[in-house]
Structures are given as C-alpha cells and as structure tokens.
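Here are the chains, one letter per residue:
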Amino acid sequence: MKRKPTSEPTNTPSKRTPRQDPVSCESCRRKKLKCNRQQPCSSCVTRRLPCSFGAASESTKVRVEPNDTKTDTSQKQRQEKQASIGHVPVDVRRDNNEPVVTADWLEKIVMGDRIPTAVPAMLREGLNASRENNPDYTGVAGNLSISFTASSENPATLQLISFLPKQAETMALFQYYTSYIDYLYHIIIPDHVEEQINAIYDSIDKNQPVNLNHLALVFAISASSLFLQLSVESSAYAEMCSREFTFLTGAALIQGNYTAYPTVEGLQATMVVAHNISNLHSHPSVNALFSHTTIIGQAKNLMLHCIDSPKYSEERKAKGADVMEVELKRRLWWDLVSYDWLLGFLSGPQEWTYSIYMDHMNVQQPANIDDEPITNADNYSSPTSTPTSMSYSLQRLKLAFVCRDIVDTTAHEHLHNLEINYDKILTLDRKLHQAYSELPDFFRLDPVSRRRFSALYHARPTIAWQRCLLQQGYHSRFCRLHRQYLIRGARDPTYSYSHVICLQSARKVLEIKRIMDEDEPRFAPPSAVVWSVMHHVFMAAVILLMDVCFNWDDILADKRKEEVLDACRMLSNAQQSSSIVREGIDAMMGVLQKHWKNGKPLSTQDSSTVDPVLVQSDPVAQVYTPVSAVEKDSSMEQAHNVISDETGERHLEDIWTELLDSGGSLDYETPDWTGLLTELTNTTLPCS
C-alpha cells in the first residue's frame, strides 16, 4: 500500500531485548489461567485438552520489504516507477516450517465470508478512527505490517498501479487462491488468469495502459487470499486488509466503466469478492458492485442467460467460437443460479424466494471437464463418474435444484403462516434422498468407497474436502426440512420420521467432522479452523441437546448427554484454532443462551441481560439490536462482554453441562424452539 519513501537505512540494526521464555503451557497462556507447570498441567487434565509447552509456530507473514537489488532490469524499473509515487508493495511470504493455515476458504461458509464478526461495532469504529486519524496507520497481526490509504481516496481518480504488489507477490497470492479457494467456486480458468497477470506487468514495463477489468480480477483474488490467510490470527485485521483490496477492485471497475460495459473478467472479479469476502462494511462507492442482485444484472447484460438460445448458437456456428470460453460463461451463469436457489432455502431476506427462473433462460449445464483445451467440440463432457474440477459444482447444482423445489412447494404456507401438509414434506424428503443417492461414488463416505478411492484422495486432496462438504450440505438440509417436527415427532407418531431424520443427520454431521480429523489425507487447513464445518457441528450439537432435554428421563439419557458433550469438545477445540471460528461460536452461544433462558433462566445470566448483537458479514445480514435506540452503544458493549465472559473465561463444556442439567425443566410449549434453530442458522449463510 502507499507510504512515504523511507530514509536511508542505518548501518547498525536496532536490537531488542529477548523476552523470557513462557513458563505456563500454551492452553493456560491463551486462557489466562494459572498453570501448575506440570506435564500435563492440572488445568488441561480437567478440561481434557492437549498440554504443550512448545513455542507456537510462526504464522503467515505479510510485511513491507525494501527493493531487492538482485532483481532483473524490468522489475527494477517497475519498482522505481512505484517508488516514485510513494508505494512499496506488500510482500507475502511463508516460512518453510509453517503449516498451511486459513480460516474460511470454504463456501459459506456453504459459506463465503458468510460468518458473523463478533468484533463489537465500537471496536471496529475505533480501528477505523485510528486509520482515518493517521494516514500512515499500520495494523499489526503477528508479523503482519500494511498501511491503509486507498479507501480514503476517490475511486474514480485513484492511481491503481501504485497499489499493485510486485509480480512475484501477486503470483504468490494467485497460487494460494488456486490451491485453497478456487475449487469451491470454480469460476476462473487459472491458466487464462495467469496470462492476464503477466500481461498487466508487461504493460507496466512498457509504460502502456493496463486492462482495468483484468486488474480488478487481480485485486479481487488478492483480497480473497489475504483475508483467508489472515483470518486465523485476527479477523478484524483480515477484514481491514480485504476491505482495502475490495475497494481497489471496485475502483478498477469504476475506472473501466464496468457498469456500462460489463466484461467476463469484471464479472469474475465481483463474484470472487461476493463469494469469499464480506462487503457489508466496504466503501459505499463500491459496495453495490458486489451485491447479489447487481451481479445477476450484469450477467444478464452480458447475455449469459441466453448463451444457448437458437440465435446465439447459430452465430457461434457461423462465426466460430472458443469452446472453452463458452464453457466458462456457462460456469459463471450456473454458479449464480445455484447460489440464488440455495439462498431461497436459508434464513435471511431471500428466504422462500429466488431471482432466477428456468423459463427465463436458455443455458446448458456446464460440462464435466477439467480446464484443458477442448479438442472434441461435439462431445467433450465426461460422465459424472469421472472426477474433474467441475464435479463438485455440478453436484452442488443438483442440490440447488432440490432447494428450489422446496421453495416452490412450501413458500406459500411459510409466507402466510399456514400449516404445511406433511405429505409435502415427505415428498420433498424423497426428492432430497434421490439426489443424495445419485452422488458419484468418490463423493460417498461409506467404508467401501473410502477405501476404493483412497489413491484418488491422495492425488487430489480437494476431492476429499468436497466429498465431506457435499455430505454436510445434504445432511444439514435434511435437518432443515424436518426440524419443525423435531419436538413434535418425539411424542406424535405421525411425525416420528422427521424426529428420526433430524437425529440421524445431526449424528452424521459429527461423524463427518471426525472423518475430516482422522482420515488420510489430512486436511490442510485443519477442519477445526473452517467456520463452515464448525457451524454444521454447532447446529448438530443443538439438535442433540434439544432431544436430550426433551427426553431427559430416557433410559439412554446419560449416553446421549455424553454424545452432546463430545460435540461440545469439538467446538471447544475449534475455538482455539481460529479467531473467526471463535467469534462464530461466541455469536451462536449468545443466541442459544438467549432462547434457553426463555424456557428456564440460567443461573449464570441475569434475566435482564441484553440480547447479544449479532452482525452478519453478508447481504442477507440480519442484526439483532436492543429495543431502545438510546441504549444501543452501551448494549453492544454489554453484549460483547457477556459473550466473552460466558464463552471465553468459562469453558464451553461447563456451559453446555449446565444447559443439559437445566433442560429437564424447560417448557417446550412456550418458547419458539423452531425460532432458535432459525436464528442459529441466521448467524451465518451456508451455501454449499
């Protein structure tokens, strides 16, 4: 980012007094607990946590580097050009011994940045004020150092090239994106984007104009990669960094007149941001570019909704066309379609509706192929049994079709508060099970399939990830379809099937989490740092918790209580893995405790406690605020303190044990327990 040119470096670097090695274990230091310094210590034994006194591994570094005197001539010229306007680009590097870490590069995710930020508004305002009052303000997260100046300027006149990292750094961010993000929303062709990146720097070397839409795509990819790398350590800092690069993405689109003359690369840039980053707090001048409805509108302006209409098909035959380019446009369109239909069966403003209709488009589904050049233009799609880079997207699209059918079938009753005929639920359940049964064998989790495709999972680890994500996506929707009958089905045989399906699906979600933790190949990053995975675990744990409390005198109650506490331990371990996961769990704990005290006040909370303020980082955000606007600021601070006290100082297992102990006295008639599950879902936006 921009900064003033540095003065001449001194010959003797400043020395820092080394810190004393910590004497407490890592867990006690993190929780600020007294440690008896044994191996293992008593605190970790009590909480069933691993006890380690080793030094924590270094995290991803993002730091400002001086110009390298050993660079080639063209790179020197580019650095001098950037330095002349006061910019030294960001250098993204990783230590050789650093584990591959990230916080939510999964779809949310199912999931995008579809996660809440539990950072209080007052803290965010304080960070913004620090940046605004000091143009050279540099945020710090670990060894990260970057200044923030772009969003303080006019996007229409911003000198975009001055904010472009060095070519090697841009390529590092691009490689991170292709390795850990792109396969979930496969909306770019990596070889094409790499050529576009090289063309940008060639144009700079030759002092020629840069393609602004290509530049926007580079900024969008950089924003996504930086956000997901930094979220493990500091979600607030990750948000600030991504906000700057999101602003640069929007500025490049504005200067390229993208709104009036949309391009495929510009559309890709907006979709990359919308899928992976929150634009809730982005600059007002660029925010609208990344909204779901705006992106759909620009896709229609590009005529993507009628790619395969007779008119355009005949034009391609007469004039010829790049088959892979046509496939890319199909991918972009159907990615928007699947996202739109999945939103319709999720809590939020778009629940029970969608924006794209089958009768209003003529687009073939994408082919099941990798990104290699297509030689056979007549029949180039592989069968679904062949794993490709598009297999996951096509299976997610099949799930989206069922979600659209659910919306079409039940929207009227939901919107008019009418009782749904249970036969409709059973019919939709059969459709969902039919789609689930058609998953390719390499996306299945039965022992036979796991052994059969173990070599494939080692050769292409992303397929092992996708397999678990699809399974969680289906089972979470089984729960969502039947959850309004969870309590009713435990006492009324008419709805007992829904009760059984909810419990089976919840247990399946927990089983998938164990597979992700224990099976080879091991996932990188670990599943515990991925909020989309842990969101499903939290929802499964709540389903089991509600069932135990309703049937608290069951003969297997003790066994099922331990089942709930095992899920709670998964959540507790995940809290220590990622700042975003920790904040997401805190937010959902606030919702859970708010509803639980409606049934029976918890001894740890006063009944006058203000409900937590939950802020979603997504266009379908819903904010829970106190009734009194006068007390808004104080209530936000109080809510954050409540969440910190309950989920930070106290161990999660203690809180859940108290919930289990108090559950036998809960009144299941008075509270809207379906509302609890809806609010918990509404703290994120899963879109798997």
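Residues numbered from 1 in each chain as written. Predicted model: local features only at pLDDT ≥ 70, side-chain atom pairs only at ≥ 80, totals over all residues. Heavy atoms only, no water.

## As for the overall build of the chain
Assigned secondary structure in the chain consists of 26 helices and four strands. Of all 688 residues assigned to the chain, the portion counted as buried reaches 57%. Carbon together with sulfur atoms contributes 50% to the accessible area of the chain, which is approximately 29,600 Å² in total. (Helix = DSSP H or I, 4+ residues; strand = E, 2+ residues; numbered from the N terminus. Buried < 20%, exposed > 50% of the residue type's maximum accessible area, 1.4 Å probe, protein only. Areas by Shrake-Rupley, 256 points an atom, 1.4 Å probe, with all protein chains shown as cover.)

## What about the side chain of Thr-410?
With respect to the helices and strands, Thr-410 occurs in helix α14 (residues 391-415). Residues in contact with Thr-410, not counting those within four places in the same chain, are Trp-352, Ile-420 and Leu-428. (Contact = heavy atoms within 4.5 Å.)

## Comments concerning the packing of aromatic side chains
Each aromatic ring pair is summarised here by two numbers: the centre-to-centre distance and the angle between the ring planes. Here the structure, examined in full by the defined rule, presents 16 aromatic pairs. Seen from their ring centres, Tyr-422 and Tyr-485 are 5.0 Å apart, and the 70° between their planes marks the pair as edge-to-face. A residue pair is termed long-range when its members are at least 10 positions apart, and Tyr-422 in helix α15 (residues 422-437) and Tyr-485 in the loop between α18 (461-482) and α19 (486-489) qualify at 63 residues. Relative accessible area serves as the criterion here: at 10%, Tyr-422 is assigned to the buried category. Looking at Tyr-485, the relative accessible area reads 0%, which means it is buried. Each residue in the set Trp-334, Trp-341, Tyr-354, Tyr-357 and Phe-401 is aromatic and connected to the rest through ring pairs, giving one cluster. The residue whose ring lies beneath Arg-404 is Trp-341, and the NZ or CZ to ring-centre distance is 4.7 Å. Positioned above the aromatic ring of Tyr-457, the side-chain terminus of Arg-467 is 4.4 Å from the ring centre. (Phe/Tyr/Trp six-rings, centres within 6.5 Å; stacked < 30°, edge-to-face > 60°. Lys NZ or Arg CZ within 6 Å of the ring centre and 35° of its normal.)

## Re unusual backbone geometry
In this model, Asn-257 sits at a positive phi of 55°, which is unusual for a non-glycine residue. With respect to the helices and strands, Asn-257 occurs in the loop between α8 (235-255) and α9 (264-276). Note on Asn-257: relative accessible area 37%, which makes it partly exposed. Positive phi outside glycine occurs at Trp-352, with the angle close to 70°.

## Regarding the pattern of salt bridges
Counting across every chain of the model gives 23 salt bridges. A salt bridge links Lys-166 to Glu-169; the shortest N-O distance between them is 3.4 Å. For the pair Lys-166 and Glu-169, a shared accessibility class is recorded, and that class is buried. Residues joined in a network through salt bridges with shared partners are Asp-308, Arg-316, Glu-327 and Arg-330. (Salt bridge = Lys/Arg side-chain N within 4 Å of Asp/Glu carboxyl O.)

## With respect to the packing of α14 against α15
Between α14 and α15, whose axes approach to 9 Å, the crossing angle comes to 175°. The angle between α14 and α15 falls in the class roughly antiparallel. Seen from α14, the contacting residues are Lys-398, Leu-399, Val-402, Asp-405, Ile-406, Thr-409, Thr-410 and Glu-413; seen from α15, they are Lys-424, Leu-428, Lys-431, Leu-432 and Ala-435. Of the residues that constitute the contact of α14 with α15, the class distribution is six nonpolar, two polar and five charged. (Axes fitted to C-alpha atoms, helices over the stretch in contact; angles between N-to-C directions. Parallel < 35°, antiparallel > 145°, perpendicular 65-115°, else oblique. Nonpolar A, V, L, I, M, F, W, Y, C, P; charged D, E, K, R; others polar.)

## So, the environment of Ile-204
Of note, Ile-204 is situated in helix α6 (residues 190-205). For the pair Ile-204 and Ile-161, spaced 43 residues apart in the sequence, the C-alpha separation amounts to 8.3 Å.

## Some details on the nonpolar core
Trp-333, Phe-538, Val-542, Leu-545, Leu-592 and Trp-656 are the most contacted members of the largest nonpolar core, which totals 163 residues. Among the elements that take part in this core, helix α21 (residues 531-550) stands out by supplying 14 residues, more than any other. When residues no more than four places from it in sequence are discounted, the contact partners of Trp-656 are Phe-538, Ala-541, Val-542, Leu-545, Val-564, Leu-565, Cys-568, Leu-571, Met-589 and Leu-592. Ranked by size, the runner-up nonpolar core spans seven residues in total, among them Cys-25, Cys-28, Cys-35 and Leu-49. (Core = buried A, V, L, I, M, F, W, Y, C linked by side-chain atoms within 4.5 Å.)

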